[in-house]
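Topology and contacts: notes
Take a look at the letters that make up each chain.
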Amino acid sequence: MPNENNQSCATPYKTMIGGQALIEGIMMLGPEKKAVVVRKPDGELEEQVENRVLIKDRHPLLGVPFIRGVFNFCSSLANGVKALMFSASFLPEDEEEPEEPSRFELWLDRRLGSEKAASFFVTAAVALGIIFAVVLFILLPTAITGLIGLVVPLPMWLRNLLEGVVKVVIFVGYLILCSRMKDIHRVFQYHGAEHKTIFCYEHGLPLTVENVRIQPRHHPRCGTSFLFVVIVVSILLSSLLFSFIEVTNTFARMGLHLLLLPVIVSLTYEFNRLVGRYDNWFTRIMTAPGMWLQNWTTFEPDDSMIEVGIRAFTLVLPEEQGKDAW
């Protein structure tokens, strides 16, 4: 069993450290380091720690409000995919002989080298993930309401409303279906461990299994909340736009939705940063829907999962006290 870490923040505050649940592991992102900790099949922990250089430090312009949102979102996706691929590499191998690399994989390895080939696959996975999300949560609802409009003529306000309802139904339904899958359920348990660990630190308590275990698993600054706000902002912006510009053609509406997407992500990012900074009745109302959705994206972890969360968190804590403040 790994040693527990008694480090805590002397004065409780909200931390900028965030994480992501993986396959039998957790990634944590701090102001200076990124850590991935995975529980291997033999029960031991595998750790990967890298130094971080924030986008705003490399390119100050990309740290400007309403510009930084899109780039930070894409950076988070890339980090998440790399960490997910790392954690998946420790899955138990089948008893059958391992598959030979495909001709495409061998060609990439010869042309780019192993590191660049791996980077290519990460980039491709991020791009496919974005495309999948856009098609499922943005374009599909537009297509469905467009088909309904061909059968039953809809006034513009009703079409906008119906499109928004379909977006929410698809998003919530997708989360519920994922939560019922056995392997994803374990990932969502690690998600709960990640939230509990961060809460324990923010409450100024030593990072022990006992202290982490009693923390709530719902966190207001969760990625689930961010995605839900993206859906809500997209509904509000598109409804506002289509109330002034009457667009009935389904493909034209899809195109406008795509054009609005960077604006939606930027606004959502700034909204989440603002809401995350305060704790009052207004921010609690604003975060309530996202907290409710975490009933399906976080589950109670066991102690071994909590140990992973504690280890990953302590690996990214900065040496300077308070440097990780929100």
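Refer to the structure presented above.
Now for a description of the structure that goes with this document.

Reading guide: rules and limits
- Every chain is numbered on its own, with residues counted from 1 as its sequence reads.
- Only residues with pLDDT of 70 or above have their local features reported here, since the model is predicted, and side-chain atom pairs are shown and tallied only from 80 upward, although totals for entire chains, interfaces and linings are computed over all residues.
- Hydrogens and water molecules were not included; the side-chain quantities draw on all heavy atoms of the structure.
- Any Lys or Arg side-chain nitrogen located within 4 Å of an Asp or Glu carboxyl oxygen qualifies as a salt bridge.
- Comment: elements are numbered from the N terminus, with helices defined as DSSP H or I runs of at least four residues and strands as E runs of at least two.
- Per-residue accessibility, obtained with a 1.4 Å probe over protein chains only, is compared with the maximum for each type, and a residue is labelled buried under 20%, exposed over 50%, and partly exposed between these values.
- If DSSP finds at least two bridges between two strands, the strands pair.

With that out of the way, let us pick up the pattern of salt bridges. By the definition in use, this model includes 13 salt bridges. A salt bridge links Glu307 to Arg39; its shortest N-O distance comes to 3.0 Å. With Glu307 in helix α11 (residues 303-316) and Arg39 in strand β3 (residues 33-39), this residue pair connects regions lying 268 residues apart in the sequence. Neither residue differs from the other here; Glu307 and Arg39 are each classed as buried. One salt bridge connects Asp279 with Arg284, and the closest N-O pair in it is separated by 3.0 Å. A relative accessible area of 57% places Asp279 in the exposed class. Because the salt bridges share partners, they merge into one network encompassing Lys196, Arg217 and Glu300.

This part is about the pairing of strand β4 (residues 45-51). The pairing of β3 with β4 spans seven bridges and is antiparallel. Bridging across to β4, Lys34 finds its partner in Glu50. Adjacent in sequence and paired antiparallel, β3 and β4 are bridged by five residues, among which Gly43 carries a positive phi angle near 95°.

In this section: the pairing of strand β1 (residues 18-22). Inspection of the sheet shows β1 paired to strand β2 (residues 25-29) by five bridges, in the antiparallel sense. Looking at β2, one finds that Gln20 is bridged to Met27. From the end of β1 to the start of β2, which pair antiparallel, there are two residues, and Glu24 there has a positive phi angle of about 55°.

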